[in-house]
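# Chain and residue survey
Listed below are the residues making up each chain.
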Amino acid sequence: MALADYQALLGDLARDQAAVLTADARARALEAARLQYSADQPRRMVDDVTWPGGSLAPAPEGWTEGAWIKSAEYPIGLDPIAAIDVSAYLSPTGWQIMAADHVAAGGVVRVTFMAEHELSATEDTIPARHRLAVAQYAAHLLCHQLATHYSAQRETSMGSDASMTETRAREFAARSKELRAAY
């Protein structure tokens, strides 16, 4: 499911007949939902890193700012698994992996790490079973924005308009809470 599908689903979940929400607001809500989901259910990734020698090696392929190491195996393929102690290290040239144990130059270390999910027009790493939940979280944020918008418009000269605005604010607040609980 690409980004356009999430946007369509989001439009279904957070109906905005008055066109209060902008495309940028919807994009920010989807990005916030992606980040929240990544924090709640990070993506497990595995990469084999060829050790150049010394205690530092390049970060695994796919490493991002918020990633963390779950485990490292060296040498690969032993039974039981030969786990070694490694950690992420931020150097002036970028992220690297630092080993507490000796790794021979040219040795291959299998690094399992957790990273953020991707969601763009071309890439979507969120599992199909969780896509609705991500859209519901984004819709929760948008409904909260709509509730805030309508609650700020209470100063009108007509009593019936004030009542309608107040009702919209309450309805969007309730919908926001419902969507957050569904997530």
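Up top is the structure these notes are about.
Moving on, we come to the packing of helix α1 (residues 3–13) against helix α3 (residues 131–151). It is at 9 Å that the axes of α1 and α3 come closest, and there the two elements cross at 55°. With respect to their mutual orientation, α1 and α3 come out oblique. Our pair here, α1 against α3, has a crossing hand that is right-handed. Only R131, L132, V134, A135, Q136, A138, A139 and L142 of α3 make contact with α1, whose side of the interface consists of Y6, L9, L10 and L13. The class makeup of the residues in the contact of α1 with α3 is 10 nonpolar, one polar and one charged.

A complete count under the given rule lists seven salt bridges for this structure. Of the charged contacts in the structure, one is a salt bridge between D12 and R15, with a shortest N-O distance of 3.7 Å. A salt bridge links D124 to R131; its shortest N-O distance comes to 3.3 Å. Salt bridges here are not isolated pairs; linked through shared partners, they connect E31, R34 and E116.

Looking at the secondary structure, you find V20 in the loop between α1 and α2 (23–40). With relative accessibility at 26%, the residue V20 sits in the partly exposed group. The contact partners of V20, leaving out residues within four places of it in the chain, are L146, H149 and Y150.

Either a parallel or an antiparallel arrangement is found when strands of a sheet pair, and the pairing is made through backbone hydrogen bonds. Here we have three strands laid out as an open sheet, ordered β2-β5-β4, and antiparallel in their pairing. Edge positions in the sheet fall to β2 (56–58) and β4 (86–91), since each of these pairs with one other strand and no more. The mean angle between the axes of side-by-side strands here comes to 40°, regardless of whether they run parallel or antiparallel.

Taking 1.5 Å per residue as the helical rise, α2 with its 18 residues ought to reach 26 Å, and the 26 Å between its terminal C-alpha atoms agrees with that figure. Three or more residues of α2 are buried, namely A25, A29, L30, A33, R34, Y37 and S38. Tucked inside the fold, the buried residues of α2 contact α1 and α3.

On to α1. Because each turn of an α-helix spans 3.6 residues, side chains separated by three or four positions end up pointing in the same direction. Every buried residue of α1 is accounted for by Y6, L10 and L13. Buried residues along α1 cover an arc of 60° about the axis, so they all sit on one side.

What follows is about the environment of T148. Within the secondary structure layout, T148 lies in helix α3. The exposure class of T148 is partly exposed, given its relative accessible area of 42%. Along the backbone, T148 and R168 are 20 residues apart, and their C-alpha atoms lie at a distance of 10.0 Å.

Look at the link from Y74 to P75: it is a cis peptide, with omega at -10°. Here P75 is to be found in the loop between β3 (68–73) and β4. Residue D79 is joined to P80 through a cis peptide bond whose omega torsion reads 5°. Examined against the element boundaries, P80 turns out to sit in the loop between β3 and β4. Here the phi dihedral of A19 falls at roughly 55°; this positive angle occurs in a residue that is not glycine. If you trace the backbone, A19 turns up in the loop between α1 and α2. Accessibility expressed as a relative area gives 59% for A19, which makes it exposed.

Calculation criteria
Residues numbered from 1 in each chain as written. Predicted model: local features only at pLDDT ≥ 70, side-chain atom pairs only at ≥ 80, totals over all residues. Heavy atoms only, no water. Axes fitted to C-alpha atoms, helices over the stretch in contact; angles between N-to-C directions. Helix = DSSP H or I, 4+ residues; strand = E, 2+ residues; numbered from the N terminus. Parallel < 35°, antiparallel > 145°, perpendicular 65-115°, else oblique. Left-handed = near helix turned anticlockwise from the far one by under 90°. Contact = heavy atoms within 4.5 Å. Nonpolar A, V, L, I, M, F, W, Y, C, P; charged D, E, K, R; others polar. Salt bridge = Lys/Arg side-chain N within 4 Å of Asp/Glu carboxyl O. Buried < 20%, exposed > 50% of the residue type's maximum accessible area, 1.4 Å probe, protein only. Pairing = 2+ DSSP bridges. Expected span 1.5 Å × (residues − 1). Arc of directions from axis to C-beta.

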